[in-house]
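Listed below are the residues making up each chain.
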2 protein chains.
Amino acid sequence: MAGVSVPTVSRVLSGTTYVSDEKRDQVLAAVRSLGYRPNGAARALVTGRSSLVSVITSNTTLYGYASTIRGVEQAARASGSTVAITVVDSDTADGVARAVDLALGQPVGGVIVLDFDSPGTRVLTTLPSSVPTVAVTSATEGRAVPSVVFDDRRGGAEATRFLLGLGHRTVHHVSAPSSGHPSGRLVGWRETLRAAGARVPRVIAADWNVESGYAAGLELAVRRGVTAVLCGSDEIAFGVVKALQSRGVRVPGDISVVGFDDHPLAAYWTPSLTTVAVDFDQLGREAVALLSGAAPSETGCDGTRSPHLVERGSTGPAPG
Amino acid sequence: MAGVSVPTVSRVLSGTTYVSDEKRDQVLAAVRSLGYRPNGAARALVTGRSSLVSVITSNTTLYGYASTIRGVEQAARASGSTVAITVVDSDTADGVARAVDLALGQPVGGVIVLDFDSPGTRVLTTLPSSVPTVAVTSATEGRAVPSVVFDDRRGGAEATRFLLGLGHRTVHHVSAPSSGHPSGRLVGWRETLRAAGARVPRVIAADWNVESGYAAGLELAVRRGVTAVLCGSDEIAFGVVKALQSRGVRVPGDISVVGFDDHPLAAYWTPSLTTVAVDFDQLGREAVALLSGAAPSETGCDGTRSPHLVERGSTGPAPG
DNA sequence: CTGAAAGCGCTTACAG
DNA sequence: CTGAAAGCGCTTACAG
C-alpha cells in the first residue's frame, strides 16, 4: 500500500535507519489507515529479545505484593515493557516447576521474583540461569541473582527499640511468613531484645491475612505480661488490635501494637496504627531498573530502601 | 541429541500425533537433560495463537480490581495461559491509545478490560475488533463486546431498601468513580429512594481511596438530617466512618454506614462494616471462560454474580 | 537511502 | 509413524 518493501516499513517503524521523508510519510500513512501493528511474536523471534517482563509471586492482592507489582508495572510501562504475572501457589517442587514453566512459556525478556516467602525462594533456585532474573527480597545473604534488598532487620530493630524506649520490659512478636529462614523482621526484633537484656518471648506465627492476626491477638490477650507487640505485617496488626479490643484490652493503654509495611488503611485504623513503612513501589521500580542493566547502586540511594518507623496512635508508654 | 527430526520433537511435545514409544522416550530424555523449552515467540508466530491474556485496567491495588485480576489469573493458570497487566492511567485519547499499544505490542491471545471506570470504557472503544475481547462491567447497556456483568444497581437498591427498612427517612450517597454515566450503585440507590417517596439528597463524589472517603465523611458530619449513608466502595466507607467518629458522631448510633464490595477488612473495622458483597474473583474467572469461548450463560448462574447485602455492625435503627 | 535474501524456531500439511 | 519442505512476520546484514 505504501509502495515500499517490507524492510523499509521495518526501518520506519523502528527508526534505526534513515528513510527518505517521502517514503516515510507514505509508510506512516499506510500504517495509520491500515491500523497496522507489528506482530510481537515475529519481532521477538527474530530479535531474540522481548519486552515482556514476568513477575513471579505467591500473591497478588496483599499490600506489599500488590504495591511492588504496581511499581514494576509503572517502571515497565515507562520503558515500553509489558508485565506478566505468574502466581506460585505452593512451595512444592511441582508447584514451583509449574509456575516457572508457565512464566517461561511466554517469550519473556526477564523475570522478577518476589522473594518474600518460601515459594519465591524456591522459584529462584529453579529458574534456569539463561533467563535474566532479579529478586526483590529482604534476605541479605545467600543471594545468587541480582537483587533489590530492603532492610527488614533494621526495621524490626527500630520498632523494637522504640517500644523498649517507651518503657516496655519486652516486646512480643507475631511473625509473618518468610522466605525460608527467620524473617529479617524477626531477627531484628530478637537481636534488639537480646542486646537490651530483655526476655525474648515465644513467637506466634501468623499468615499474611487479618484472620490469622485476629487469632494471634486472642492468644496474646490471655498471655501474662504482654504490654507491647510487634507484628510482621499491618494486616496481621489489624487483626491483633481487633482481637485485643474484643477482649476488653485497651490499645495502646494496656498493650501497644506496631505493624509493618504502612498499609494505606493504617492511618485510618482505630487506633491509628504505628508501623514500619516500606516503600514497595520503589522496590518494584528498582527491580525493573536492575533488570534493564542499571547497577544496583545507581538505582536509588539506600535511604529510600530502608524501612522507617511511622509513629501513630497504637503505641504508648508501658502501663503501670 | 535424540536422533530425530525437529517435527518429531514438536509432535512429542504437543501430543497431537502418535510417536513411537522408543523415539518419544529419546526425545523426552533429551528435553530433560538439555532443559529444553519451546520458544513461545516462534510458536505464537506459526500458530497465530497465543496463550497470553492481557488485562487492561486503571488500577491494580484497589480491592475490586485486585480481586478480579486474581480471579483472571487463577482461571488463566488453570487453562495454561499467562496473564499480562496493562494499566491505563488516564482517560485521555492519548493515554488510552498508549495503553492499547502496549497491550497489543505483545502477542496476545485475548484481552480482558476492567470496565469499572471511564478509562476502561474508552479502552473498549479503542481496541481493534480483530482481537478477542471481553469486558467486566456493571453497565447493562451499550455493550459492544462480550461482557461479564454484575448487577450493581440491584446491590445499590438492596442496601438502600435495607436502610429505609431500619426507619431512616432517606439515605445519603458517597459515590465512587464510574464508567462514564452514573454508576449502577448510584442508580439503584436513587431509584429506590424515589420509589419509596424519599427525598434524594445531593450526591457526594469521591475517588476510590480512603482519603477521599474521609473528606466526604467530614462533609456529612456537618450536613443536617443525615442518618444513613451508602458508600460506593468499602474503602470510601472506611474513611467516612473514621471521619464521622473523629467529629464525635456515633456509628451506627447517630449515622448508619453501608459500604460496597466486601473488602477483607470490612469485618474487622470498628464498627464492623455492613456492605454489599461482590464476588470479584468469580467475575475474573468468568471473563476468562468467556474469552475461551464459553457461552455467557454457561459460566455460572446469575446468582453468583449478584451482589448481596452482608449485615454487620455499622448499621442500625434510625435514631430518635 | 532502499530492495533482495537469509533466517529466527517453531508447526503443519505432504509424502512415504 | 516420521522426515523434507514450506512458511508464519518480522529484522538484519549485504549489495547497490
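Chemist: Run through the sheet that holds strand β9 (residues 256-261) of chain A, naming residues and quoting values.
Modeler: All names here are of chain A. If you trace the six strands from one edge of the open sheet to the other, you get β7-β6-β8-β9-β10-β11, paired in mixed fashion. Among the strands making up the open sheet, the edge pair consists of β7 (204-205) and β11 (308-310). Looking at chain direction, strand β8 (residues 228-231) and β9 are connected through three bridges and run parallel. Note that in β9 the partner of Ala228 across the bridge is Ser256. Against the sheet, helix α7 (residues 152-165) contacts β8, β9, β10 (274-277) and β11, and its axis sits at roughly 165 degrees relative to β8.

Chemist: Give a detailed account of the nonpolar core, specifying residues and quantitative values.
Modeler: Counting 166 residues, the largest nonpolar core has Val229 and Val240 of chain A together with Val229 and Val240 of chain B as its most contacted members. Setting aside residues up to four positions removed in sequence, Val229 of chain B forms contacts with Val171, His172, Val174, Leu220, Val240, Ile255 and Val257 of chain B. Membership of the second largest hydrophobic core comes to six residues, among which are Leu45 of chain A together with Ala41, Ala44 and Leu45 of chain B.

Chemist: Now, about the protein's contact with DNA strand D: what can you tell me, with residues and values included?
Modeler: In the region of DNA strand D, 24 residues are neighbours, and Pro7, Ser10 and Asn39 of chain A together with Tyr18 and Ser20 of chain B sit closest. Counting residues per element, the ones that place at least two in the surface near DNA strand D are α1 (6-14) and α3 (40-47) of chain A together with α1 (6-14) and α3 (40-47) of chain B. Of the residues in the surface near DNA strand D, the class split is 13 nonpolar, nine polar and two charged.

Chemist: Any details on the protein's contact with DNA strand C? Residues and values, ideally.
Modeler: If you check the shell around DNA strand C, you find 24 residues, and the closest are Tyr18 and Ser20 of chain A together with Pro7, Ser10 and Asn39 of chain B. Those elements that provide at least two residues to the surface near DNA strand C are α1 and α3 of chain A together with α1 and α3 of chain B.

Chemist: Would you mind going over the sheet that holds strand β1 (residues 52-57) of chain A in detail, with residue names and values included?
Modeler: The mixed open sheet is built from ten strands, whose spatial order is β5(A)-β4(A)-β3(A)-β1(A)-β2(A)-β2(B)-β1(B)-β3(B)-β4(B)-β5(B). In this open sheet, the two edge strands, each paired with only one partner strand, are β5 (147-149) of chain A together with β5 (147-149) of chain B. Going across the sheet, the axis of each strand differs from the next one's by a mean of 20 degrees, ignoring polarity. Where strand β3 (residues 110-115) of chain A and strand β4 (residues 133-137) of chain A come together, five bridges link them in parallel fashion. Bridge pairing links Asp115 of chain A to Thr137 of chain A in β4 of chain A. Strands β1, β3, β4 and β5 of chain A of the sheet are contacted by helix α11 (residues 280-291) of chain A, whose axis makes an angle of about 155 degrees with β4 of chain A. Against the sheet, helix α5 (residues 93-104) of chain B contacts β2 (82-87) of chain A together with β1 (52-57), β2 (82-87) and β3 (110-115) of chain B, and its axis sits at roughly 160 degrees relative to β2 of chain B.

Chemist: Requested: an account of helix α10 (residues 234-246) of chain B, with residues and values cited.
Modeler: All names here are of chain B. Between its first and last C-alpha, α10 extends 18 Å over 13 residues, near the 18 Å set by a 1.5 Å rise per residue. Residues of α10 that are buried include every one of Asp234, Glu235, Ile236, Ala237, Phe238, Gly239, Val240, Val241, Lys242, Ala243 and Leu244, and no others. Residues of α10 that are buried in the fold lie against α4 (63-78), β6 (172-175), α9 (210-222), β8 (228-231), β9 (256-261) and β10 (274-277).

About the cut-offs
- Residues numbered from 1 in each chain as written.
- Chains lettered and ligands numbered in written order.
- Predicted model: local features only at pLDDT ≥ 70, side-chain atom pairs only at ≥ 80, totals over all residues.
- Pairing = 2+ DSSP bridges.
- Helix = DSSP H or I, 4+ residues; strand = E, 2+ residues; numbered from the N terminus.
- Contact = placed C-beta atoms within 7 Å.
- Axes fitted to C-alpha atoms, helices over the stretch in contact; angles between N-to-C directions.
- Core = buried A, V, L, I, M, F, W, Y, C linked by C-beta atoms within 7 Å.
- Buried ≥ 20, exposed ≤ 12 C-beta atoms within 10 Å, placed from the backbone.
- Near = placed C-beta within 6 Å.
- Nonpolar A, V, L, I, M, F, W, Y, C, P; charged D, E, K, R; others polar.
- Expected span 1.5 Å × (residues − 1).

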